[in-house]
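# What the coordinates show
Listed below, chain by chain, are the residues.
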Amino acid sequence: MTHTKNGPFTRPHPIVWRLVLSCSMLYQLFLIFLLFQSDKDSRKLLSYLYPELGEPLEEIDYSSNCMIYDPDRPDDPYHNFWDKMDWFVIFHLTGWWAKAIVFRDYWMSFVLSITFEILEYSLEHQLPNFAECWWDHWILDAVVCNGLGIWLGIKTLEFLESKTYDWRDLWSIPGNRGKIQRILSQFTPHSWTKFDWGYTEDVKRWFMVIMVCTCIMIFDLNTFYLKAVLWIPPPHPINFYRCVLIGFVGAVALRETYEYMSNPECKRFGQQSWVAISILATECLIIWKFGYDIVTKPFPTHVIIFWTGFVVIILGWSLWNFTYKLPRRRRTASGRELSECAEEWKAGKSE
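In what follows, the accompanying structure is described.

About the cut-offs
- Residues numbered from 1 in each chain as written.
- Predicted model: local features only at pLDDT ≥ 70, side-chain atom pairs only at ≥ 80, totals over all residues.
- Heavy atoms only, no water.
- Helix = DSSP H or I, 4+ residues; strand = E, 2+ residues; numbered from the N terminus.
- Buried < 20%, exposed > 50% of the residue type's maximum accessible area, 1.4 Å probe, protein only.
- 1 Å grid on protein atoms, 1.4 Å probe; cavity = no way out; pocket = protein on both sides within 12 Å on 5 of 7 lines; lining within 4 Å.
- Points joined across faces, edges and corners; volume = space filled by probe spheres on them.
- Patch = residues over 30% accessible without salt bridge, like charges linked within 9 Å, V, L, I, M, F, W, Y side chains within 5 Å.
- Areas by Shrake-Rupley, 256 points an atom, 1.4 Å probe, with all protein chains shown as cover.
- Salt bridge = Lys/Arg side-chain N within 4 Å of Asp/Glu carboxyl O.
- Core = buried A, V, L, I, M, F, W, Y, C linked by side-chain atoms within 4.5 Å.
- Contact = heavy atoms within 4.5 Å.
- Polar contact = N/O pair within 3.5 Å; in protein donor to acceptor, adjacent residues only side chain to side chain.
- Nonpolar A, V, L, I, M, F, W, Y, C, P; charged D, E, K, R; others polar.

It is worth spelling out unusual backbone geometry at this point. One non-glycine residue, R104, adopts positive backbone phi at about 55°. Among the secondary structure elements, R104 is positioned in the loop between α4 (87-103) and α5 (106-123). We classify R104 as buried; its relative accessible area is 12%. Phi is positive for W231, which is not a glycine, with a value near 60°.

Pasting the structure below:
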């Protein structure tokens, strides 16, 4: 940690974010070690750390019975609904709350939320756990958990943007209450920068935002695929530790990426961004090596048609927007500015 550079965050202390960088590098080294093992040896290694691991996971199909009201169970007719109300609901909600704060953009959070639900539909032939009832996908997940989490995240952003940041010395603040508030505020941002991703302003920014969203989606998918290939049950703490680490790593990496996109004086990616990319690539290689039979299952025809059409629409819209609409808008704006300058010059000359 003493030899790593400071990142973009300074609160609660730069050493905390150096620790995050160091932990992410150790995690990357551990992933590289696993990559050069066999799937059996990797699972055995995890079982040495956690004796309860090393057993094949039970495949659970959440879409076998999608009736919200089950008349065959008069004692508990809503059992299908209550079975879905586990600790994952809180995990989803807090996860999307954190993502909204990291992205600092409502539309990016909303698009990623909907896209992930579509990805679950597209990949349920590989991972049966992705097969869920329609109301579980779109009501419980998309609207309640993801939607409410994003809304709370946006409200948190509004508070942080409107907050007045006062960083006086602790001993210059009168009263114990003021000192306690200053200590607690040490764990809030030193200042707040509102993100304006400018999706459609420039073709470079547009495709960089697409790449950022793609990497985020792959990180989310890797959570499920790693559980499947390494035989880690969903409630196991390893999954929680990884999600927390990736969350902190992603917060720093996304801030560095935004700085690289928005600041003309920033000529290189940040160190945490490169580590995050290497972690993503290594996790994908592990999944490909250990779960080759899973990831090579052929896609259904309707999935191929959908994603082919999606890519064609994105490329077609990009071509239309950046070769026709945007240049025309800029020419119109420049022409309007020239006419306004000419009118001002004529008005000044007449006077």
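Bringing empty space enclosed by the protein into the picture now. All chains considered together, the criterion is met by 1 cavity of 30 Å³ or more. Looking at the largest cavity, its volume works out to about 40 Å³. If you trace the largest cavity, you find it lined by K5, G7, W17, R18, L21, V252, E256, Q271 and Q272. When contributions to the lining of the largest cavity are tallied by element, the ones reaching two or more residues are α1 (14-35), α9 (237-262) and α10 (271-290). With 3 residues, α1 is the largest single contributor of residues to the lining of the largest cavity.

Attention now moves to a nonpolar patch on the surface. The grouping of I68, Y69, Y78, W82, M85, Y121, W134, I139, V143 and V144 at the surface amounts to a nonpolar patch, some 990 Å² of accessible area in total. The dominant element in the nonpolar patch, judged by the number of residues it contributes, is helix α6 (residues 134-162), at 4 residues. Structurally, V144 can be placed in helix α6. Classification of V144 as partly exposed rests on a relative accessible area of 37%.

Take the nonpolar core next. One finds L112 and W197 to be the most contacted residues of the largest nonpolar core, which totals 56 residues. At 12 residues, helix α8 (residues 203-230) tops the list of elements feeding residues into this core. Sequence-distant contacts of W197, that is, excluding residues within four places in its chain, are made with F103, D105, M108, R205, V209, L254, Y258 and M261.

So, about the side chain of T223. The residue T223 is located in helix α8 in this model. Within polar-contact distance, the side chain of T223 engages the side chain of R242 at 2.7 Å.

Our focus in this paragraph is the pattern of salt bridges. Across all of its chains, the model carries 5 salt bridges by this definition. For R43, the salt bridge is made with D39, and the minimal N-O distance between the two is 3.9 Å. Taken together, the residues span about one helical turn, with R43 and D39 both in helix α2 (residues 39-49) at a distance of 4 residues. Exposure remark for R43: the relative accessible area of 12% places this residue in the buried category. For E259, the salt bridge is made with R255, and the minimal N-O distance between the two is 3.1 Å. Residue E259 and its partner R255 are both found in helix α9; the two are separated by 4 residues, about one turn of the helix. Assessed through its relative accessible area of 28%, E259 is described here as partly exposed.

Roughly 1,000 Å³ of internal volume is contained in the second largest pocket. Looking at the lining of the second largest pocket, the elements with two or more residues in it are α5, α8, α10 and α12 (301-350). With 11 residues, the single largest contributor to the lining of the second largest pocket is α8. When its residues are assigned to classes, the lining of the second largest pocket shows 27 nonpolar, 5 polar and no charged.

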